[in-house]
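One letter stands for each residue in the lines below.
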Amino acid sequence: QVQLVESGGGLVQAGGSLRLSCAASGRIFRINAMGWYRQAPGKQRELVAVITSRGTTNYADSVKGRFSISRDYAKNTVYLQLNSLKPEDTAVYYCNANVITTMLAVGGDYWGQGTQVTVSS
């Protein structure tokens, strides 16, 4: 019903930058929060950043001041700007959206397929 398609991952040197994008499509009545999570090898998936429907943002302590989340409400798209990247930022980054599919439905969580970010030292 709802698809999230991510793009923008890749290989970058420490100190470099990347911009991730995630576009939601399908049966969408309204999108509540959208966010980014990441999962490094052998570790649990963790929240990186989230932005609510009103534009309120929240970041993991490890990325504050380096990453920035933004959203294009008309395009149902969320972005994550990654600056001053460190090797420990290496992970698969997943997009998440809480989507209401019809007027009477409750919100459900949807996930993208993930995009690899690799930071070399």
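Rules behind the numbers
Residues numbered from 1 in each chain as written. Predicted model: local features only at pLDDT ≥ 70, side-chain atom pairs only at ≥ 80, totals over all residues. Heavy atoms only, no water. Phe/Tyr/Trp six-rings, centres within 6.5 Å; stacked < 30°, edge-to-face > 60°. Lys NZ or Arg CZ within 6 Å of the ring centre and 35° of its normal. Helix = DSSP H or I, 4+ residues; strand = E, 2+ residues; numbered from the N terminus. Buried < 20%, exposed > 50% of the residue type's maximum accessible area, 1.4 Å probe, protein only. Polar contact = N/O pair within 3.5 Å; in protein donor to acceptor, adjacent residues only side chain to side chain. Contact = heavy atoms within 4.5 Å. Pairing = 2+ DSSP bridges. Axes fitted to C-alpha atoms, helices over the stretch in contact; angles between N-to-C directions.

A. The arrangement of the packing of aromatic side chains in detail. Scanning all chains against the criterion turns up 1 aromatic pair. R19 extends its terminal NZ or CZ atom over the ring of Y79, reaching a point 4.1 Å from the ring centre. The side chain of R45 reaches across the aromatic face of W111, ending 4.7 Å from its centre.

B. Seen up close, the environment of G65. With respect to the helices and strands, G65 occurs in the loop between β6 (57-59) and β7 (67-72). A sequence separation of 17 residues divides G65 from L82, and the C-alpha atoms of the two residues are 9.8 Å apart.

C. Main features of the side chain of D89. Within the fold, D89 resides in the loop between β8 (77-82) and β9 (91-100). The buried category is assigned to D89, whose relative accessible area is 1%. There is a polar contact of 2.8 Å between the side chain of D89 and the backbone nitrogen of K86. Not counting chain neighbours up to four residues away, the residues in contact with D89 comprise R38, R66, F67, S84, V117 and V119.

D. Structural detail: the sheet that holds strand β1 (residues 2-7). Here 4 strands make up an open sheet; going across it, the order is β1-β3-β8-β7 and the pairing antiparallel. The two strands at the open ends of the sheet, each matched to only one other strand, are β1 and β7. For this sheet, the mean inter-axis angle between neighbouring strands, taken without regard to orientation, is 15°. Pairing between β1 and strand β3 (residues 18-26): 6 bridges, direction antiparallel. In the strand pairing of β3, L4 is matched with A24.

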